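# Reading the structure
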Amino acid sequence: PAERPEIPAEPGHGAPLILHMRENRSRLSREARLTFSVIAVLFMATSLGPAMHGHWLVPLYSILAMAGLTFALERHGKSRPASETLELGHGRVRHRDSSGRQVELPALWMRLAAEGAGGEDLRLFLRGRDGAIEFGRCLSLDERRAVAPLVAAALAQARDGLAMNLSSLSTDAQVRLRQFR
């Protein structure tokens, strides 16, 4: 099963929302391995007919195809699953992925945007004047649909927290800040 996003115990109390997202990487079940073995044996058995008629490249191709597929499955199983961390709080949005990219942007101008919401390809973005962050790429469609409202609520909370901090600024500093909005 897919790893569920980590949510703070008491949202709304100023704690940042930190989502640790990871690609679902379940191992092949015993039945799947058995099915793969049966397919490989049938593939080899069907290539024996052409070999009997002198077409020796057919079984060679069958062996190479099965070896390539087995190698790809094993390599994929041993590779590190894709992961992302999204943190929303204290007026900032931080995103890190498993390839080492890290983005940090102010939450004040960020908004949640979804592309392809009606189809099978839902893409989630946090967009603002300083840039955009695509997140949830390693999640399934259902998981992205479940995460979107959490992120929208946490983004609103992060912006509200920043607005509360701004209200404590002097009137002169607030006027200068409004000029940049």
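From a predicted model like this one, the values you see are computed outputs, not experimental measurements. (Residues numbered from 1 in each chain as written. Predicted model: local features only at pLDDT ≥ 70, side-chain atom pairs only at ≥ 80, totals over all residues. Heavy atoms only, no water.)

Here the focus is the sheet that holds strand 6 (residues 123-128). Taken together, the three strands give an open sheet; going across it, the order is 5-6-7, and neighbouring strands pair in antiparallel fashion. Across the chains shown, the open sheet's two edge strands, defined by having one partner strand only, are strand 5 (111-115) and strand 7 (131-135). The sheet shows a mean angle of 30 degrees between the axes of neighbouring strands, taken without regard to direction. One ladder, built from five bridges, connects strand 5 with strand 6; its direction is antiparallel. Its bridge partner lying in strand 6, L112 is registered against L126. (Pairing = 2+ DSSP bridges. Helix = DSSP H or I, 4+ residues; strand = E, 2+ residues; numbered from the N terminus. Axes fitted to C-alpha atoms, helices over the stretch in contact; angles between N-to-C directions.)

This model, assessed by the stated rule, comprises zero aromatic pairs. A cation sits over an aromatic face here: R127 above F125, 4.4 Å from the ring centre. The ring of W109 carries R129 above its face, with NZ or CZ at 3.9 Å from the centroid. (Phe/Tyr/Trp six-rings, centres within 6.5 Å; stacked < 30°, edge-to-face > 60°. Lys NZ or Arg CZ within 6 Å of the ring centre and 35° of its normal.)

Moving on, we get to a nonpolar patch on the surface. A surface patch of nonpolar side chains, amounting to about 240 Å² of accessible area, comprises L28, L69 and L73. Residue placement: L73 occurs in helix 2 (residues 57-78). (Patch = residues over 30% accessible without salt bridge, like charges linked within 9 Å, V, L, I, M, F, W, Y side chains within 5 Å. Areas by Shrake-Rupley, 256 points an atom, 1.4 Å probe, with all protein chains shown as cover. Salt bridge = Lys/Arg side-chain N within 4 Å of Asp/Glu carboxyl O.)

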